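Spelled out, the chains give:
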Amino acid sequence: MAEIQNNSIKVCLACDDNYSKYAGVVIASVLANSAVDDELDFYILDGGISEEHKSQINELKSIKQCNISFVQIDSSMFEDFTKIKTHSYISIATYYRLKLPSLLPNIDKIIYFDCDMVVNHSLKELFNTDISDYYMAGVHDIKEKMVKINPTYVNAGMLIFNLKLMRENNIEEQLYKWTVEHIDTIKTGDQEILNEVLKGRIKVIDDEWNVQSSNFTNRSSYTHNPKVVHYVARKKPWHFGSFSFHRDLYFKYLQLTPWKLSEKDYKHWTRDNQIVSLFKYVQYRPLFLFRPKFYKAVYHTYIKK
């Protein structure tokens, strides 16, 4: 595949066929919020996307003209990573990013997004982040205990990679070597691998670029204008009755895609979904009114505003 040589904003996602729809929503959200002069190149690390879904993803160019390239992945490259025992809902595609320096040999810098995210702002400012002395940049993880242990511990859902510097220092090989050596103890997959190997060479940026949203109470930032939202809970917005606080943004951008919902289904997944999720949350955490964090969320969401 020929790489595109220009000064465009370069964005990468990785998915198999099952997650191609959600990758499409991420792309739609990027295009819908791009500035008039933003030029965008998307690279999708393809873990088996059907031709039908590739065609649907290409239809997103109707939102704004852009380049979309599918990078075919050889699954044999990731056989060792299948031995990592972590959450069952994490697919092997999440490890594709560990080989980005060689998968995209002519790209020097790129923004990586997981597929359970939406973008709510132009990416120009993010892409222009100076990481010339860093291997990557990201936002602190929502798990504060991890940040206390490692001050540059970031969430891997949104990362800016300095692929040029990574190639110069053979980081891809270091990531693989560390993975093999710790294969039986890795708990948080690629996020743990990246944070451990690149410790001290990670730039931490503003929280708004990766608002990790689990439910009303558990959010990494209570900003009213998240630039990027990451649905970190196991139940995503596309799971009926999920607790996702920012789910409305997911359905907003879903409606810009070939997978848009009918008016009836849209009401079901927004209005009805909201009611069901409230009941499910009370069942899940019946004593939420006794949690100080709940009142902190109320203050920042409604009172401080």
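Residues numbered from 1 in each chain as written. Predicted model: local features only at pLDDT ≥ 70, side-chain atom pairs only at ≥ 80, totals over all residues. Heavy atoms only, no water.

**Some words on the confidence of the model for the chain**
Per-residue confidence for the chain averages 94 on the pLDDT scale, and 96% of its residues sit at or above 70. The low-confidence segment residues 1-5, where pLDDT is below 50, has 17 contacts with residues more than four positions distant or belonging to other chains. (pLDDT = per-residue confidence, 0-100. Contact = heavy atoms within 4.5 Å.)

**Considering the layout of surface pockets**
Taking a probe equal in size to a water molecule and rolling it over the atoms shows the remaining empty space. Of the pockets and cavities examined, the second largest pocket occupies roughly 590 Å³. Along the walls of the second largest pocket sit 27 residues, with Phe216, Phe245, His246, Gln274 and Tyr302 positioned nearest its centre. Looking at the lining of the second largest pocket, the elements that each hand over two or more residues are helix H9 (247-254), helix H10 (263-284) and helix H11 (292-303). Of the residues forming the lining of the second largest pocket, the biggest block, five residues, is contributed by H10. (1 Å grid on protein atoms, 1.4 Å probe; cavity = no way out; pocket = protein on both sides within 12 Å on 5 of 7 lines; lining within 4 Å. Points joined across faces, edges and corners; volume = space filled by probe spheres on them. Helix = DSSP H or I, 4+ residues; strand = E, 2+ residues; numbered from the N terminus.)

**Focus: the environment of alanine 14**
As for its placement among the helices and strands, alanine 14 is situated in strand E1 (residues 9-15). For the pair alanine 14 and isoleucine 57, spaced 43 residues apart in sequence, the C-alpha separation works out to 13 Å. For alanine 14, the residues in contact, after removing those within four places along its chain, are Leu45, Ala93, Tyr96, Tyr112 and Cys115.

**Let's talk about the sheet that holds strand E9 (residues 211-213)**
Reading across from one edge, E5-E10-E9 is the order of the three strands in this open sheet, with mixed pairing throughout. In this open sheet, the two strands that pair with only one neighbour each are strand E5 (117-119) and E9. Adjacent strand axes in the sheet meet at a mean angle of 20 degrees when their direction is disregarded. Relative to strand E10 (residues 228-231), E9 runs parallel, the two being bridged by three bridges. Note on E10: the bridge partner recorded for glutamine 212 is histidine 230. (Pairing = 2+ DSSP bridges. Axes fitted to C-alpha atoms, helices over the stretch in contact; angles between N-to-C directions.)

**What to know about the pattern of salt bridges**
In the structure shown here, the tally under the stated rule is 14 salt bridges. The partner of aspartate 38 in a salt bridge is lysine 124, and the shortest N-O contact between them spans 3.5 Å. Taken together, the positions of aspartate 38 in the loop between helix H1 (20-32) and strand E2 (40-46) and lysine 124 in helix H4 (residues 124-127) put the pair 86 residues apart, joining distant regions of the chain. For aspartate 38, a relative accessible area of 5% gives the class buried. A salt bridge links lysine 267 to glutamate 263; the shortest N-O distance between them is 3.8 Å. With a gap of four residues between them, lysine 267 and glutamate 263 both fall in helix H10, about one helical turn apart. According to the relative accessible area criterion, lysine 267 is partly exposed, its value standing at 40%. Through salt bridges with shared partners, a single network forms among Asp37, Asp38 and Lys124. (Salt bridge = Lys/Arg side-chain N within 4 Å of Asp/Glu carboxyl O. Buried < 20%, exposed > 50% of the residue type's maximum accessible area, 1.4 Å probe, protein only.)

**So, the nonpolar core**
Ranked by internal contacts, the top residues of the largest apolar core, which has 48 residues, are Leu13, Phe42, Phe113, Leu123, Leu126 and Met158. Examining the composition of this core, we find that eight residues originate from one element, H1, more than from any other. Non-local contacts of phenylalanine 113, meaning those with residues more than four positions away in its chain, are made with Val11, Cys12, Leu13, Val26, Val119, Leu123, Leu126, Gly157, Met158 and Val228. Listed in part, the 38 residues of the second largest apolar core include Leu45, Tyr112, Met136 and Met166. (Core = buried A, V, L, I, M, F, W, Y, C linked by side-chain atoms within 4.5 Å.)

**Some points on the packing of H1 against H9**
Two elements in contact, H1 and H9, have axes separated by 8 Å at closest approach and are oriented at 85 degrees. As summarised for this structure, H1 and H9 are arranged roughly perpendicular, according to the angle between their axes. For the pair H1 and H9, the contacting residues are Lys21, Tyr22, Val25, Ala28, Ser29 and Ala32 in the first and Tyr250, Tyr253 and Leu254 in the second. (Parallel < 35°, antiparallel > 145°, perpendicular 65-115°, else oblique.)

**Describing unusual backbone geometry**
Residues apart from glycine generally show negative phi values, whereas peptide bonds are mostly found in trans. With a phi close to 55 degrees, asparagine 170 is a non-glycine residue in the positive phi region. With respect to the helices and strands, asparagine 170 occurs in the loop between helix H6 (163-168) and helix H7 (171-181). Among the residues examined, asparagine 170 registers a relative accessible area of 47% and is labelled partly exposed.

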